[in-house]
Amino acid sequence: MPSAAINPTRQELTRLKERLRTARRGHKLLKDKRDEMMRRFLETVRESRALRREVEEGLLRARGAFTAAAGLMSAAGLETALLCPAQSAALEVRFRSVLSVKTPEYRLRRGADGEGCPYGFAFTSGELDDAADALAAVFQDMLRLAAAEKTVQLLAGEIERTRRRVNALEYVKIPEMEEALRAIAMKLDENERSATVRLMKVKDLLLKESIEARRAEDARVLDADPP
């Protein structure tokens with residue numbers, strides 16, 4: 001804190017002490033928040049990695065089944081079989097707060113307008129059924145993976161912002177306030193010493209004047225007495 005901005009008074013000293021206590025409490029709370037977010041971040045990263053492996057394995061199985069179905073069926077027949085969906089679906093997004101960070105949760109809501117496969121079994125191969133089942137099995141994991149990766153991104157951004165606040169308090173604000181407190185305390189001590197010296201000088205002057213006045217009074221009394 002610049003010395004020119006310091007008002008060396010006891011009121012300013014009290015105000016700065018209160019601000020310093022508040023800054024230290026805020027610094028501790030932010031550090032605790034950062035540490036807890038780091039723990040949640042690492043947990044979500046591990047969950048995301050596990051989900052990604054599962055999703056990739058499921059997609060590989062579905063791709064293999066589709067490749068086999070495409071080899072057994074004609075391109076037109078495969079396109080016709082998958083042309084119309086069996087039922088409607090909607091993606092529902094909800095948010096939950098994780099240490100003041102709103103993280104998403106995705107949920108698929110299926111309509112009640114149809115069930116089963118969108119094609120008949122007479123002109124399709126069993127490999128197409130396997131591919132559809134593999135995709136249906138991996139789809140929920142894909143939604144969970146998307147939510148986990150978005151949570152990782154949001155937590156990483158909030159951790160970085162919290163880290164900057166912690167560093168600003170630890171290395172800038174708190175040292176500035178401590179330096180200002182020392183400067184004010186030194187200035188007040190200097191003013192107190194100066195006031196003490198002035199009082200001592202005034203006391204010495206008053207004592208000297210008192211002694212001189214007494215001497216003058218004694219001399220006047222002696223002069224007034226007859227020989």
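Reference entry: report on the structure contained in this document. (Residues numbered from 1 in each chain as written. Predicted model: local features only at pLDDT ≥ 70, side-chain atom pairs only at ≥ 80, totals over all residues. Heavy atoms only, no water.)

By the secondary structure assignment, T103 is in strand β2 (residues 101–110). Of the residues examined, T103 reaches a relative accessible area of 0% and is grouped as buried. Sequence-wise, T103 and V152 are 49 residues apart; in three dimensions their C-alpha atoms are separated by 9.0 Å. Residues contacting T103, with those up to four places away along its chain left out, are R94, F95, R96, V98, T151 and L154. (Helix = DSSP H or I, 4+ residues; strand = E, 2+ residues; numbered from the N terminus. Buried < 20%, exposed > 50% of the residue type's maximum accessible area, 1.4 Å probe, protein only. Contact = heavy atoms within 4.5 Å.)

Moving on, we come to the pattern of salt bridges. Under the counting rule described, the total for this entry stands at 18 salt bridges. Residues R21 and E18 are paired through a salt bridge, measuring 2.6 Å at the closest nitrogen-oxygen approach. With a gap of three residues between them, R21 and E18 both fall in helix α1 (residues 10–72), about one helical turn apart. We classify R21 as partly exposed; its relative accessible area is 42%. Owing to a relative accessible area of 37%, E18 belongs among the partly exposed residues under this scheme. As a salt-bridge pair, K33 and E158 come within 3.3 Å of each other at their nearest N and O atoms. Of this pair, K33 sits in helix α1 while E158 sits in helix α3 (residues 126–224); the two residues are 125 residues apart in sequence, bridging distant segments of the chain. (Salt bridge = Lys/Arg side-chain N within 4 Å of Asp/Glu carboxyl O.)

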